[in-house]
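Given next are the chains, with one letter for each unit.
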Amino acid sequence: MTFQVWGWRREDAPQVLAWVPGAEGGRAGVPMRRSLATKDPTAVERANLLNMAKLSIKGLIESALSFGRTLDSDYPPLQQFFVVMEHCLKHGLKVRKSFLSYNKTIWGPLELVEKLYPEAEEIGASVRDLPGLKTPLGRARAWLRLALMQKKMADYLRCLIIQRDLLSEFYEYHALMMEEEGAVIVGLLVGLNVIDANLCVKGEDLDSQVGVIDFSMYLKNEEDIGNKERNVQIAAILDQKNYVEELNRQLNSTVSSLHSRVDSLEKSNTKLIEELAIAKNNIIKLQEENHQLRSENKLILMKAQQHLEVTKVDVETELQTYKHSRQGLDEMYNEARRQLRDESQLRQDVENELAVQVSMKHEIELAMKLLEKDIHEKQDTLIGLRQQLEEVKAINIEMYQKLQGSEDGLKEKNEIIARLEEKTNKITAAMRQLEQRLQQAEKAQMEAEDEDEKYLQECLSKSDSLQKQISQKEKQLVQLETDLKIEKEWRQTLQEDLQKEKDALSHLRNETQQIISLKKEFLNLQDENQQLKKIYHEQEQALQELGNKLSESKLKIEDIKEANKALQGLVWLKDKEATHCKLCEKEFSLSKRKHHCRNCGEIFCNACSDNELPLPSSPKPVRVCDSCHALLIQRCSSNLP
């Protein structure tokens, strides 16, 4: 007898009969349709699934214990258990829209377990690495099998049920996993930790399995009713066994934790015993030191009283002498005050003179720097002028050589001109002779006129060419004369620059002589200033010595008064009276120990009394609190000269 349950939608809620074992009248399997018909259909679905989960888990545990060995994947009660768990996880799932179709799978919420329970990461990784799984439903079925083999299905689902905010993304508000029935199922799953399962996930076709609940396994015949008491006893024994095993596990864990606590307590006890021994030794030492300090305190009080009596007598005598000497001191003070006024006036005058001298010194230093810069610049200009003079000399030598060459050319040209003039003179003489001959032979030589005219033309052309050459030579002479004039002017400008530089050098020499004389005067003023400073320092030292003597006498009186007050107010505080540090006000404990200040007697922590100083009661350095340390150092620094 089988009933197929394909889905658990709210719209088409199936009317599944809940067979409750051990109902009234001793009958198994009393239908409860009338009582559930009036309820919410989702509540009916949750109740049916809860009853089926109870039946499957109970049947699996009973059959596994009677089977007596590890369960395989072919074991029918185990297969039915996985089908029932799949239906429980599918109840109230939200439909996820995808690109192609609507998706409704339990793999989504099971993936959340990895984030909530870090040990579940191994299951998730191994499920993803399985080669035969292609659908999310197959991965979810493999995950359930691996969780059962690890015996941690109840732990994983408990972590998932606690986080209802995350589950609301996958389940409706009325789903089994969101209500109390889910918590009940998770509590029932704890009993499965007794079962050992060895399931082969790789070979199974988990994607195409059909989830059908076989109710025939849970329906009982009339023959089984007679064995009810025996089954009840066996179930009670099994429940007791499971309970005892769980208790044993819990007790083992508590025993191990108690062993670790005992070890830690023993270690801490040994440490505390050692600290107590150290504290007792310290207390004994402190008591001895306390007795010594009390005896020393008594001696110091006796000495202080004697010293006070002596000091009282000395103070009275000193007061009388002070009254007698006060008049003389007042006169000395008035004279010293007058001298101070005179010396302050002299000091102001000297300071004014010093300020003037310092300003003069700064001005002289600036002038010296400027003069040095001018001297360096002029030296640079002199070097440049010397180079320019050398260049000018080279140019003059070249020009002189050119002049000599031009003079030689002029001489040659003059000779050529003289020759030409001689030739012209000769030509003119010849012309004259020819004219005379022409005049004489005009009549006789009419036939030779053509020849004479030709000769005359040739002579004229020669004379024109000679005149052109003469004009060119004259132009060259004019250019040479202009070059000579430019060179003469350049020489004159160079001579003028040399004279100016000579004048500047003479002026600089005069200024350097003046600066040397100013330096001598400045050194004399510095010597006088130093002498005045020596006189001023000597007078200040004399006044300081007088003030120091007066301050020493006052400090001695104040020290005596403070020592008397300190000796009168010293109280050695008991350890029981102090529970907190006086400075930082932190509570004392085993880690924060108590420490006495040897000066004031109060109790402080180690951080507020981590100082050591020698006291009048003990020449060796002893522990002192921060405030006493600061006060004693200030007193020592004020007593120093």
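Worth saying up front: this structure is predicted, and the values here are computed from it rather than measured.

Here the focus is the pairing of strand β6 (residues 618-624). Taken together, the five bridges between strand β5 (residues 611-615) and β6 define a ladder with antiparallel strand orientation. Bridging across to β6, P614 finds its partner in P621. Counting the residues that bridge the hairpin from β5 to β6 gives two residues.

All told, the structure shown has ten salt bridges when counted by the stated rule. Across the pair K152 and E119 runs a salt bridge whose closest N-O atoms are separated by 2.4 Å. Here the residue K152 occupies a position in the loop between α6 (136-150) and α7 (153-162), and E119 occupies one in the loop between α4 (107-116) and α5 (121-129), the gap between them amounting to 33 residues. With a shortest N-O distance of 2.5 Å, D196 and K151 are connected by a salt bridge. Note that D196 is positioned in the loop between α9 (180-189) and α10 (222-225) and K151 in the loop between α6 and α7, a separation of 45 residues in sequence. Exposure remark for K151: the relative accessible area of 28% places this residue in the partly exposed category. The network of salt bridges with shared partners includes E86, K90 and R141.

What follows deals with the packing of aromatic side chains. All chains considered together, the criterion is met by three aromatic pairs. Ring geometry for W143 against Y156: centres 5.8 Å apart, planes inclined by 45°, an arrangement best described as tilted. Placement of the pair is W143 in helix α6 and Y156 in helix α7, with a sequence separation of 13 residues. As far as the burial class goes, W143 and Y156 line up, both buried. Ring pairs connect the aromatic residues Y117, W143 and Y156, which therefore count as one cluster. R145 extends its terminal NZ or CZ atom over the ring of F82, reaching a point 4.3 Å from the ring centre.

A general tendency of soluble globular proteins is for nonpolar side chains to be buried together. Counting residues in hydrophobic clusters, the biggest one holds 61 residues, and the most contacted among them are F81, W143, M153 and L189. Of all the secondary-structure elements, those providing two or more residues to this core are α2 (41-67), α3 (76-90), α4, α5, α6, α7 and α9. Per element, the largest residue contribution to this core is nine residues, and it comes from α2. Leave out the neighbours within four places in its chain, and M153 touches F81, F82, M85, L144, A147, L148 and L189.

A cluster of basic side chains, namely R294, K298, K574 and K576, defines a positive patch on the protein surface. Position of R294 relative to the elements: it lies in helix α11 (residues 228-440).

Let us now look at a negative patch on the surface. Together, D349, E353, D527 and E528 give the surface a local cluster of negative charge. For the negative patch, the secondary structure elements donating two or more residues are α11 and α12 (449-569). For E353, the location among the structural elements is in helix α11. Assessed through its relative accessible area of 48%, E353 is described here as partly exposed.

So, how was this worked out
- Residues numbered from 1 in each chain as written.
- Predicted model: local features only at pLDDT ≥ 70, side-chain atom pairs only at ≥ 80, totals over all residues.
- Heavy atoms only, no water.
- Pairing = 2+ DSSP bridges.
- Helix = DSSP H or I, 4+ residues; strand = E, 2+ residues; numbered from the N terminus.
- Salt bridge = Lys/Arg side-chain N within 4 Å of Asp/Glu carboxyl O.
- Buried < 20%, exposed > 50% of the residue type's maximum accessible area, 1.4 Å probe, protein only.
- Phe/Tyr/Trp six-rings, centres within 6.5 Å; stacked < 30°, edge-to-face > 60°.
- Lys NZ or Arg CZ within 6 Å of the ring centre and 35° of its normal.
- Core = buried A, V, L, I, M, F, W, Y, C linked by side-chain atoms within 4.5 Å.
- Contact = heavy atoms within 4.5 Å.
- Patch = residues over 30% accessible without salt bridge, like charges linked within 9 Å, V, L, I, M, F, W, Y side chains within 5 Å.
- Areas by Shrake-Rupley, 256 points an atom, 1.4 Å probe, with all protein chains shown as cover.
- Lys, Arg positive; Asp, Glu negative; His and termini not counted.
- Charge placed at Lys NZ, Arg CZ, Asp CG, Glu CD.

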